[in-house]
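One letter stands for each residue in the lines below.
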2 protein chains.
Amino acid sequence: MERDQTSRQRLSGVFAPVLTPFDANLLPDARRFARHCKWLLAQGLRGLAVFGTTSEANSLSVDERESLLEALLGSGVPPGSLLPGTGCCSLTDSVRLTKGAVRAGCAGVLVLPPFYYKGVTDEGLFRSFAELIERVGDSRLRVYLYHIPPIAHVGFSLALVERLVAAYPDTVAGMKDSSGDMNNTRAMIDAFAKDGFAVFSGSERFLLENLRRGGAGCISATANANAAAIDGLYREWQSAEADGLQARLNAVRNAFEKRPVIPALKAVLAHYAKDPAWRAVRPPLLELGAGETAPLVDELRAAGFEMQL
Amino acid sequence: MERDQTSRQRLSGVFAPVLTPFDANLLPDARRFARHCKWLLAQGLRGLAVFGTTSEANSLSVDERESLLEALLGSGVPPGSLLPGTGCCSLTDSVRLTKGAVRAGCAGVLVLPPFYYKGVTDEGLFRSFAELIERVGDSRLRVYLYHIPPIAHVGFSLALVERLVAAYPDTVAGMKDSSGDMNNTRAMIDAFAKDGFAVFSGSERFLLENLRRGGAGCISATANANAAAIDGLYREWQSAEADGLQARLNAVRNAFEKRPVIPALKAVLAHYAKDPAWRAVRPPLLELGAGETAPLVDELRAAGFEMQL
C-alpha cells in the first residue's frame, strides 16, 4: 500500500503562472524567462506554473513552448518545481506537450479543456481527457484540471471531475479554479479534497479561505510580482496574523486588477528590473500605456508593495 | 491601373468548409479527405474552405493541417480552389500556416482572430492582423476575416474591418460572417462591398439575401452534403425560381440544425457513402448516436435531399 500512498502525493503551496518575456521581434526570450523563474523560486514559491494564461501560452506555438521548457531545464531550474500548462484545442498538441513534460520529470501538468468549441458536453470533455491520459500512457503523469470559464468559456462541472477522478484516481490529481467564484472552489474542495484532490485557487484573494476549507494553495498571476508576501500567507495561514496578511495581499491585488493584469505585471517587472523589454506582450494583448506605469507603481507602493530584483 | 484591377479581384460563390475524416485512431485520413474534396468540386462548388470550424481544424495540430494540405495538392486538387483556415491563437502558428497557403498558391486564407483571450481591444486585434500580414510579407496574400462570435467569442467590429481594409486594401479581401445575424452581414456589405470587399454568409439560409444585397456568396457547413443545390441557388439567384430554391435549401438545413451539425453531417456522409469511418469526430465533439442517423436521413429525404457519392 506504500506505493499507493506515494502515487496519491499531491502538490500544494503557491505557484506563479510565469510571465513570458518577448524580445523586440516578439520572440520568446529564454534568458529573461529563466532568470525570472529563478527569482520566483528564490522568493520561496513552491513552484512555477509555466505556460498558463498569464504566460500568454496560447499565444505561443507548441515548438516555442518546448524550446522554452528545454532552456529552463538547461538553466538548472528543477523539473520538480514545474507545473507546465499543456492543454490545447488540439488533442495532438496536448498529448505532445504533456508527454514532453512527463519525460522531463515535471511535477504535474495544468490542463485546459479544449476551448474552441463552446457548449460541448461533459461526455465530450471526459473523452478529451481520457484520450490524453491514455495516449500519454505514463504512470508518472499527474493532471491538474484548469478551470477558467471567464476566458476558456468551457469548464469542469462537479460531475465531470467526479467521473475523471473515479476513472483515473492516481492521475487526476487536482484543479486550479480560476472561476473567481469561491462557492465553486468550496464545492470542489468539499467533494474531492478528502481523497487527496488538490484544489488551488486562481487568485491569492481566496488563499486563506482556500486553506481553511482544506484546499491546496493558489496559482496566481500576481505571484509574479508579490511572490514572497503571497507565499508568506501560505506559510502563516494558521497564525493570528493570517487575516491581516490576507488583507495586505488584497490591497496589492486591487491595484493590479484595476488594469489589464498581464500588461500591468510586465510593466511592473520592467520598472523594478529597469529592463523595458519586459513590457512586451504578443497581440491581441496590448502593452500598458506609457503613462500608466508610474501611477500603478505609486498605488502599489501605497499598498506596501516593493520588489527587489 | 490594370495591376490594381487584378489585385482587387475577389472570391465569390459557394464554398464548403470541408469535413475532416479521421481513422480508427482519430488520425486525419488524407485519402478520404481528398476524395470528398474532389466530390465537392464536381458538384460545382467554387471552392473548398478547408480547415474551418466544420473541419474541426482547431482540433488538429499545425503539422496535421500542413500534411493534409500537402496531400490534397498532391492528389490534384487545384490550389486556386482552396481557401484554408489559418487563424490560430498563436501568431507563430497563424504566420506559418498562412505562409504555407500562399506558397502553395491558395486563392486566399480564412483567418480567425486569436480566440483565447476574451474582451480584447480592436487595437489588439488590428495588431494581430497587421503582424500576420507583415510577417507573411507576400503580395499574393488575400485575407478573408472569419467572424464567428458564437464560437470564437472574439469578432470583428465595423471599425476594425474599416481600419484593416484601409491599411491593407489589396490584402484584406473579404469576410465570412458566421454571426447568424443578417443585420451584421448587411452592415458589412453596405460599408465595404462597394470597394470590392467580398462578404460571405456563414449559412446558405442567408444566401439569397446576401446576393441581393451585394454580397459574395456563402461558406456553409451543409455544403458538405447539399452542395449542388446550394450552388444551384448561387447560379440562379436572379431567376424567378430563386425564392423557391432558397426555401428548399432552408428545409434541408432545418433538419441538420436540429442536431449537432458536424456529427450530423459526418453521419449523413457515412450513410450515403456506406463508409462508417466517416462518423468519427475528435473530442470534445461526439459522434451522432447510433439510432440518430436513420431519422435524420428520413427527415432529409422528406425535405427533398438526396446524395450521390
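Overview of the structure. Being a predicted model, the structure only gives us computed values, none of them experimental.

With that settled, consider the relation of the copies chain B and chain A. With an RMSD of 0.0 Å, the operation that places chain B on chain A is a rotation of 180° combined with a shift of 0.0 Å along the axis. Taken together, the rotation and translation relating the two chain copies correspond to the operation of a two-fold axis. Looking at chain B, 100% of its interface residues are interface residues in chain A too, so the copies touch through the same face.

What follows deals with helix H8 (residues 182–192) of chain B. Residue and element names in this part refer to chain B. If you check which residues of H8 are buried, you get Met-182, Asn-184, Thr-185, Met-188, Ile-189 and Phe-192. Relative to the axis of H8, the buried residues are bounded by an arc of 160° and lie together on one face. Check the buried side of H8 and you find it contacts strand E4 (143–147), helix H7 (158–167), strand E5 (172–177), strand E6 (198–201) and helix H9 (207–213). Near the N-terminus of H8, the side chain that reaches the backbone nitrogen of Asn-183, with its oxygen 2.9 Å away, is that of Asp-181.

All names here are of chain B. Under the criterion given, the structure shown has 19 aromatic pairs over all chains. Measuring from ring centre to ring centre gives 5.1 Å for Tyr-116 and Tyr-117, while their planes differ by 75°; the resulting arrangement is edge-to-face. Consider the rings of Phe-256 and Phe-305, whose centres lie 6.3 Å apart with planes at 90°: the pair is edge-to-face. Of the two residues, Phe-256 is situated in helix H11 (residues 242–257) and Phe-305 in the segment after helix H13 (293–302); the sequence distance between them amounts to 49 residues.

Attention shifts here to the pattern of salt bridges. Applying the stated rule across the entire model yields 44 salt bridges over all chains. Linking Asp-29 of chain A and Arg-32 of chain A is a salt bridge whose minimum nitrogen-to-oxygen distance equals 2.5 Å. Here the two residues Asp-29 of chain A and Arg-32 of chain A agree in accessibility, since each one is buried. Measuring nitrogen to oxygen at the nearest pair gives 2.6 Å for the salt bridge that ties Asp-190 of chain A to Arg-213 of chain A. Linking Asp-190 of chain A in helix H8 (residues 182–192) with Arg-213 of chain A in helix H9 (residues 207–213), this pair joins segments that are 23 residues apart in sequence. Each of the salt bridges in this network shares a partner with another, and the network as a whole consists of Asp-63, Glu-66 and Arg-96 of chain A together with Asp-63, Glu-66 and Arg-96 of chain B.

Our focus in this paragraph is the side chain of Ser-94 of chain B. On the secondary structure map, Ser-94 of chain B appears in helix H4 (residues 91–103). Here Ser-94 of chain B is in contact with Thr-86, Gly-87, Cys-88 and Leu-132 of chain B, once residues within four sequence places are set aside.

Nonpolar side chains in soluble globular proteins tend to be buried together. Ranked by internal contacts, the top residues of the largest apolar core, which has 215 residues, are Leu-145 of chain A together with Leu-145 of chain B. Filtering out sequence-adjacent residues up to four positions away, Leu-145 of chain A remains in contact with Leu-110, Val-111, Phe-129, Phe-156, Val-161, Leu-164, Val-172, Gly-174, Met-175, Lys-176 and Phe-197 of chain A.

Quick look at helix H3 (residues 62–74) of chain B now. An α-helical segment advances 3.6 residues per turn. Residues three or four places apart therefore align on the same side. With 13 residues, H3 of chain B ought to run about 18 Å at 1.5 Å a step, and its terminal C-alpha atoms sit 18 Å apart, in line with that. The complete set of buried residues in H3 of chain B reads Val-62, Glu-64, Arg-65, Leu-68, Leu-69 and Leu-72 of chain B. Axial view of H3 of chain B: buried residues confined to an arc of 165°, hence all on one face. Of the exposed residues in H3 of chain B, the ones pointing more than 90 degrees away from its buried face are Glu-70 and Gly-74 of chain B. If you follow the buried residues of H3 of chain B, they end up packed against helix H4 (91–103) of chain A together with helix H2 (30–42) and H4 of chain B. In the stretch just after H3 of chain B, Gly-76 of chain B is the one whose phi turns positive, near 100°.

This next bit is on the sheet that holds E5 of chain B. All names here are of chain B. If you trace the 7 strands from one edge of the open sheet to the other, you get E2-E1-E7-E6-E5-E4-E3, paired in parallel fashion. The strands lining the two open edges of the sheet, one partner per strand, are strand E2 (47–48) and strand E3 (109–111). Here E5 pairs with E6 via 4 bridges, running parallel. Note on E6: the bridge partner recorded for Met-175 is Val-199.

This part covers the packing of H7 of chain B against H8 of chain B. All names here are of chain B. Remark: H7 packs on H8, axes separated minimally by 11 Å, with the N-to-C direction vectors making an angle of 30°. When the interaxial angle is binned, H7 and H8 end up roughly parallel. For the element pair H7 and H8, the recorded crossing hand is right-handed. Here H7 contributes Leu-158, Val-161 and Glu-162 to the contact with H8, which in turn contributes Ala-187, Met-188, Ala-191 and Phe-192. Taken together, the residues that form the contact of H7 with H8 break down as 6 nonpolar, no polar and 1 charged.

This paragraph deals with the pairing of strand E1 (residues 13–16) of chain A. All names here are of chain A. Pairing analysis gives 3 bridges linking E1 to strand E7 (residues 217–219), with the strands arranged parallel. Looking across to E7, one finds that Gly-13 is bridged to Gly-217. Examined bridge by bridge, E1 and strand E2 (residues 47–48) share 2 bridges and lie parallel to one another. Bridge pairing in E2 links Ala-16 to Leu-48. Note on the crossover from E1 through helix H2 (residues 30–42) to E2: the handedness is right-handed.

The next point concerns the interface of chain B and chain A. At the interface, 44 residues of chain B touch 44 residues of chain A. Here chain B packs against chain A, burying approximately 3400 Å² in sum over the two surfaces, 62% of which is carbon and sulfur. Run the count over chain B and chain A and you get 2 salt bridges. One salt bridge in this structure joins Arg-96 of chain A and Asp-63 of chain B, with 4.0 Å as the shortest N-O distance. For the side of chain B that touches chain A, the secondary-structure elements that each account for two or more residues are H3, H4, helix H5 (122–136) and helix H6 (149–152) of chain B. Top contributing element to the side of chain B that touches chain A by residue count: H5 of chain B, with 7 residues. Among the residues making up the side of chain B that touches chain A, the classes are represented as 22 nonpolar, 11 polar and 11 charged.

Procedures and definitions
Residues numbered from 1 in each chain as written. Chains lettered and ligands numbered in written order. Predicted model: local features only at pLDDT ≥ 70, side-chain atom pairs only at ≥ 80, totals over all residues. Heavy atoms only, no water. Least-squares fit on C-alpha atoms with pLDDT ≥ 70 in both. Contact = heavy atoms within 4.5 Å. Buried < 20%, exposed > 50% of the residue type's maximum accessible area, 1.4 Å probe, protein only. Helix = DSSP H or I, 4+ residues; strand = E, 2+ residues; numbered from the N terminus. Arc of directions from axis to C-beta. Polar contact = N/O pair within 3.5 Å; in protein donor to acceptor, adjacent residues only side chain to side chain. Phe/Tyr/Trp six-rings, centres within 6.5 Å; stacked < 30°, edge-to-face > 60°. Salt bridge = Lys/Arg side-chain N within 4 Å of Asp/Glu carboxyl O. Core = buried A, V, L, I, M, F, W, Y, C linked by side-chain atoms within 4.5 Å. Expected span 1.5 Å × (residues − 1). Pairing = 2+ DSSP bridges. Axes fitted to C-alpha atoms, helices over the stretch in contact; angles between N-to-C directions. Parallel < 35°, antiparallel > 145°, perpendicular 65-115°, else oblique. Left-handed = near helix turned anticlockwise from the far one by under 90°. Nonpolar A, V, L, I, M, F, W, Y, C, P; charged D, E, K, R; others polar. Right-handed = clockwise from strand over helix to strand, strands pointing away. Buried area = accessible area lost by both parts, 1.4 Å probe.

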